[in-house]
Amino acid sequence: MRRIPVVPLAVALVLLLCLSLLCGVGLGASGIDPGQVVRFLWDGVTGGTIPAGDVAAYTIVWEIRLPRVVLAAVVGGGLAAVGVAVQAMVRNALADPFVLGISSGAAVGANAVILLGAFAGLGVWALSVSAFVSALAAMALVYAVARSSHGLTPLRLVLTGTALAYGFEALTTVMVFGAARGEAARSAMMWLLGSLGGATWAQVPLAAVVVLAGWVWLARRAEALDALAMGDETSAALGVRPERLRRELFLVTAAVTGTVVAVSGAIGFVGLMVPHVVRMLVGAGHRRVLAVAPLAGAVLLVWADVLSRLMPAPAELPVGVITAVLGVPAFLVLMRRGGYAFGGR
């Protein structure tokens, strides 16, 4: 396929993301006119006065929908960027941020809060803190088991992460089946499939900072990722220490994945599909891919969240269901229409 220039594509995605955020705030069970949305956002930023008759609509826009769509963009961008990194780290085009078992580990902590009331003393932060801590614990366990005298190899990482993920999922299933309250089990399943329904402004800053820091680090190491994707011997010949780089990538991907999973649940397929689509458009070089993939992931998840609210309104679907329904056929069609090289430039 002919490559699309990165700068025009990135600019177009930025504009599309802004439009998507505006639409995401206005669309929902109770639709709000775009003009009103813009006015409410302006008043919220500048501290303008809201007429008494518009207070309810303003609250919906500023306190409920805006943090939700902003968090959707942050999570989508983070999952897409980490997807690029994981596929280079394990040299597997079918890898995604959840192949290392980190999201399954986070699910154990989150369900301990939802189903068992663990960390109740942390209040509204209990779910996020528990999920993040358990994600880091899963990361440490995967790293300890996968590391051998020969270093941290891609095959051992994939096999260890996959095996432990099954163990974490089994533990989560036991917790769900043992739940005394049906509503708690339903909440746990919503979280396992991904949901942004509980998004608040308090969750946005930390998630945004971690995702931005992870993306900046990956962008600075883009040349090394190109070398790593071509194999350890090639990367060593190019002056890259593959074991050290893989260890750094593992820490960065674990931190970003654990953070976004803690605030949104286990949203699948974004980290698998978006890097593939972007490589088809701009080529396989990681500098180009990392300039575009987070923007594409942000746009995708914003619209997936909008559909999760609109399709079953006034109820809500897990956003992970929407990403799978949208992503599977699109991914298969794109893979049939044209190929690309996974490693290199």
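Residues numbered from 1 in each chain as written. Predicted model: local features only at pLDDT ≥ 70, side-chain atom pairs only at ≥ 80, totals over all residues. Heavy atoms only, no water.

## Points about the overall build of the protein
Counted only if it meets this: The secondary structure listing takes helices from DSSP runs of H or I that are at least 4 residues long and strands from runs of E that are at least 2 residues long, numbered from the N terminus. In this description the radius of gyration comes from C-alpha coordinates, and the expected globular size is given by 2.2 Å times residues to the power 0.38. Only protein chains enter the calculation, and the probe is 1.4 Å; a residue is then buried if its accessible area is under 20% of its type maximum, exposed if over 50%, and partly exposed in between. Contacts were defined at the residue level, with two residues in contact if any of their heavy atoms lie within 4.5 Å. Computed with the Shrake-Rupley method and a 1.4 Å probe, the accessible areas treat only the protein chains shown as cover for residues. The charged-residue count follows a simple rule in which Lys and Arg add positive charge and Asp and Glu add negative charge, with His and chain termini not counted at all. The atoms used to mark charge sites are NZ of Lys, CZ of Arg, CG of Asp and CD of Glu.
Of the regular secondary structure elements, the protein holds 14 helices and 0 strands. Counting from the amino terminus, the protein carries its helices and strands in the arrangement α-α-α-α-α-α-α-α-α-α-α-α-α-α. A compact globule built from 345 residues would reach a C-alpha radius of gyration of about 20 Å, and the protein, at 20 Å, matches this within 12%. Expressed as a percentage of the 345 residues in the protein, the buried residues total 51%. Within the protein, contacts between residues separated by at least 24 positions form 77% of all contacts whose residues are at least 6 apart in sequence. Here the protein displays about 15,300 Å² of accessible surface, and carbon together with sulfur accounts for 69% of that area. For the protein, the distance from the average site of its 23 positive side-chain charges to the average site of its 15 negative ones is 9 Å.

## What to know about unusual backbone geometry
The residue Phe 269 is not glycine, and still its phi comes out positive at about 80 degrees. Examined against the element boundaries, Phe 269 turns out to sit in the loop between α11 (242–264) and α12 (270–282). Taking the relative accessible area as the measure of exposure, Phe 269 reaches 17% and is therefore buried.

## Points about helix α9 (residues 222–229)
Of all 8 residues that make up α9, 7 are buried, and the element is covered over most of its length. All of the buried residues in α9 are Ala 222, Ala 224, Leu 225, Asp 226, Ala 227, Leu 228 and Ala 229. Where α9 is buried, its residues touch α3 (55–89), α8 (204–220), α10 (232–237), α11 and α13 (286–310). Of the residues trailing α9, Gly 231 is marked for its positive phi of about 115 degrees.

## Thoughts on the side chain of Ser 308
Positionally, Ser 308 belongs in helix α13. Other than its neighbours up to four places away in sequence, Ser 308 contacts Arg 68, Ala 315, Glu 316, Leu 317, Val 319 and Ile 322.

## Re the nonpolar core
Definition in use: In plain words, nonpolar cores are sets of buried Ala, Val, Leu, Ile, Met, Phe, Trp, Tyr and Cys residues tied together by side-chain atoms within 4.5 Å.
Within the largest apolar cluster, 88 residues are counted, with the highest numbers of intra-cluster contacts made by Leu 71, Val 75, Met 89, Leu 157, Trp 191, Leu 249 and Leu 301. With 14 residues, the single largest contributor to this core is α3. Counting 11 residues, the second-largest nonpolar core is a separate cluster that includes Val 25, Phe 40, Ile 50 and Tyr 58.

## Digging into the side chain of Ser 264
Going by this rule: In the analysis that follows, any N or O atom pair within 3.5 Å is treated as a polar contact, provided that within protein one partner can donate a hydrogen and the other can accept it, and provided that, for residues neighboring in sequence, both atoms belong to side chains.
Following the sequence through the fold, Ser 264 ends up in helix α11. At a separation of 2.6 Å, a polar atom in the side chain of Ser 264 contacts the main-chain carbonyl oxygen of Val 260. Those residues in contact with Ser 264 that lie beyond four places of it in its chain are Val 75, Gly 194, Ser 195 and Leu 196.

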